Amino acid sequence: MPHTKSIFLHVTPLLLAFVFMTACKNNEKKENAKELPASSDGAPIAKMGWPKPDSLKAGIPIYNTFDRLEPLFHFNNDTTYVINFWATWCKPCIAELPYFEAFNSNQKKEKVKVVLVSLDFPDKIESNLVPFVKKWQLKSEVVVLLDGKYNNWIDKVSPDWSGAIPATYIYKKEQNQLVADPFENLEELTEVVKPFLFIPKTH
């Protein structure tokens, strides 16, 4: 019997350690699952190679500084990125949002990603932005950039950008274009993006 007790005393700590480690890993997976929001097509952002947000608010990724979001502007793949800078307090921005939503819906067969970068103020995210996104059921990817030091990073988006919104940056690999005026209709937005979808391959 003493021999049996000795084995039990040696095995129990190992068993407890294993259970503890397993529980920690499961908890870590659950936490990570909470931290990684899904894109509009259901794929986790991390798997798409997107930069990890600093935090989330109602599932919306929030980036505190531009350098945290900057990788979004440098993907080198076959996808055309349509990145619109907007805010809930900007009337021209709100007026053109339906065009981005319609465009996003119409381009399911194309490799296009519409991203709506909100520049709403930090104290307005919960009171203004979150209810707005829910009310209008936006399907395009919505992210928040809280970096108010605009002069430090607007040139990194485009030297042609004054910083005024709405503004839309479109790119595919090395080709890019900044549209610094609001779109008047869906057709106008479609015509601007169309050349990016059919860039001829270089030999």
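Up top is the structure.
Residues numbered from 1 in each chain as written. Predicted model: local features only at pLDDT ≥ 70, side-chain atom pairs only at ≥ 80, totals over all residues. Heavy atoms only, no water.

A two-sided burial pattern is seen for strand β2 (residues 60–63), the buried positions comprising Ile60 and Ile62 on one face and Pro61 and Tyr63 on the other. For strand β1 (residues 55–57) and β2, the ladder comprises three bridges, and the chain directions are antiparallel. Within β2, the residue paired with lysine 57 across the bridge is isoleucine 60. Following β1, the chain reverses through two residues before pairing antiparallel with β2; alanine 58 in that reversal takes a positive phi of roughly 55 degrees. Judged from the two bridges that link them, β2 and strand β5 (residues 141–145) form a sheet pairing that is parallel. Bridge pairing links tyrosine 63 to leucine 145 in β5. (Buried < 20%, exposed > 50% of the residue type's maximum accessible area, 1.4 Å probe, protein only. Helix = DSSP H or I, 4+ residues; strand = E, 2+ residues; numbered from the N terminus. Pairing = 2+ DSSP bridges.)

Read from one edge to the other, the open sheet built from seven strands follows the order β1-β2-β5-β4-β3-β6-β7, with strand pairing classed as mixed. The open sheet is flanked by β1 and β7 (175–179), the only strands paired with a single partner. Each neighbouring strand pair of the sheet contributes to a mean axis angle of 25 degrees, computed without reference to strand direction. Where strand β3 (residues 80–86) and strand β4 (residues 112–118) come together, seven bridges link them in parallel fashion. (Axes fitted to C-alpha atoms, helices over the stretch in contact; angles between N-to-C directions.)

In this section: the packing of aromatic side chains. Within the structure shown, the criterion is met by 15 aromatic pairs. Considering the side-chain rings of tryptophan 86 and phenylalanine 132, the 5.6 Å spacing of their centres and the 45 degrees angle between planes classify their relative orientation as tilted. Taken as a pair, tryptophan 86 in strand β3 and phenylalanine 132 in helix α4 (residues 125–136) lie far apart in primary sequence, 46 residues in all. Site record: aromatic cluster; members linked through ring pairs are Phe66, Phe73, Phe75, Tyr81, Phe85, Tyr150, Trp153, Trp161, Tyr169 and Tyr171. (Phe/Tyr/Trp six-rings, centres within 6.5 Å; stacked < 30°, edge-to-face > 60°.)

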